[in-house]
Amino acid sequence: MQNPKPIETASAHDRVYRGLRTRIMHGQIAPGQALTLRGLGKEFEVSMTPAREAAQRLVAEGALQMSTSGRLSTPELSNERIEELAALRALIEVELASRALPRAHMQLIERMQNINSGIADVVSNRDAVGYIRTNLEFHRTLYLRAQAPAMLAMCETVWLQLGPTMRALYGRLRRTEAPQYHRLILAALKAGDEPGLRLAVRSDVTQGLRMLAT
């Protein structure tokens, strides 16, 4: 029987995985940027083993690519791949929003309005990473009310694969205000308007990505 993994190693692996996963999802790493296990180990102050295990886990999730020589990098997505992931966002996030609607009380809507105000602040500061982080928080706050953990996990995997590309997208768009569709999402939630909510979410999650793929 195999000995269980030492707690220290498991904890170190989890720390590297979560730290690197968050960084990728929020667009702190550019598309095609090279990473090394040695560099990750040094940055997170761990040995090569937990760094390698964390990297392999992110490769399995599509957040990193590993060449036959062991070189790590974030993916540079083709237009076809961007279109595919945009379609996945439209399918999964529209369904999550629809499931969340019956549980969208005013306190939740007010929390989302506050988050959306924060998006306006980071946009004015030209903070692309802050924009992505706050934008995902806006969506996640709603989707948690769907009480569909498997679907939300799939959604976060798509966000993870798109993180570096989203950074490139927002750099290109040069936004000057919060997304217009967020206001429509909030209005639909207040009105209990499911068709309006589905349309607003679909438009919000696909518009920018499809612009990047053109």
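Residue positions within a chain follow its written sequence, with the count starting from 1. Confidence filtering applies because this is a predicted model: local features only for residues at pLDDT of at least 70, side-chain atom pairs given and counted only at 80 or more, and all residues used for totals across whole chains, interfaces and linings. Working from all heavy atoms in the structure, the side-chain values ignore hydrogens and water.

Draft legend 1. Just unusual backbone geometry, in detail. Of note, R126 is a non-glycine position whose phi angle comes to about 55°, a positive value. Even without being a glycine, Q147 presents a positive backbone phi close to 55°. Within the element layout of this structure, Q147 appears in the loop between α6 (128-143) and α7 (149-173). Numbering goes from the N terminus for both helices and strands, where a helix is a DSSP run of H or I of at least four residues and a strand is a run of E of at least two.

Draft legend 2. Region of interest: the side chain of T134. With respect to the helices and strands, T134 occurs in helix α6. Contacts between residues were defined by any pair of non-hydrogen atoms, one from each residue, lying within 4.5 Å. When residues no more than four places from it in sequence are discounted, the contact partners of T134 are I115, G118, I119 and V122.

Draft legend 3. Focus on the packing of α6 against helix α8 (residues 180-191). Relative to each other, α6 and α8 sit at 20°, their axes nearing to 12 Å. As far as their axial angle goes, α8 and α6 are roughly parallel. α8 is crossed by α6, and the crossing has left-handed handedness. On α8, the residues that touch N135, F138, H139 and L142 of α6 are H182, I185, L186 and L189. Taken together, the residues that form the contact of α6 with α8 break down as five nonpolar, three polar and no charged. Axis geometry follows a simple rule: fit a line to the C-alpha atoms, using only the stretch in contact for helices, then measure angles between N-to-C directions, giving values from 0 to 180 degrees. Any angle from 65 to 115 degrees is called roughly perpendicular, while one under 35 is roughly parallel, one over 145 is roughly antiparallel, and all others are oblique. When the near helix sits turned anticlockwise from the far one by under a right angle, the crossing is termed left-handed; a clockwise turn instead gives a right-handed crossing. In the scheme used here, Gly and all other residues not listed as nonpolar or charged are polar, with Ala, Val, Leu, Ile, Met, Phe, Trp, Tyr, Cys and Pro taken as nonpolar and Asp, Glu, Lys and Arg as charged.

Draft legend 4. Focus on the nonpolar core. Buried residues of nine kinds, namely Ala, Val, Leu, Ile, Met, Phe, Trp, Tyr and Cys, make up a nonpolar core once their side-chain atoms join them within 4.5 Å. The classification of residues rests on relative accessible area computed with a 1.4 Å probe and restricted to protein chains. Under 20% of the type maximum is buried, over 50% is exposed, and intermediate values are partly exposed. Among the nonpolar cores identified, the biggest contains 64 residues, and L96, L142, Y143, I185 and L189 are the most heavily contacted of them. Tallying contributions element by element places α7 first for this core, with 10 residues. Excluding residues that lie within four positions of it along the chain, L189 makes contacts with L101, A104, I109, M112, L142 and L197.

Draft legend 5. Local environment of α8. With 12 residues, α8 extends 17 Å between its outermost C-alpha atoms, agreeing within 8% with the 16 Å of an ideal straight helix rising 1.5 Å per residue. Directly beyond the C-terminal end of α8, a positive phi value near 65° is found at G192. Between the first and last residue of a helix there are one fewer steps than residues, each counted as 1.5 Å, and that sum is the expected span.

Draft legend 6. Representation of the environment of G192. Structurally, G192 can be placed in the loop between α8 and α9 (194-212). For G192, a relative accessible area of 47% puts it in the partly exposed group. Sequence spacing of G192 and L101 is 91 residues, and the spatial spacing of their C-alpha atoms is 6.9 Å.

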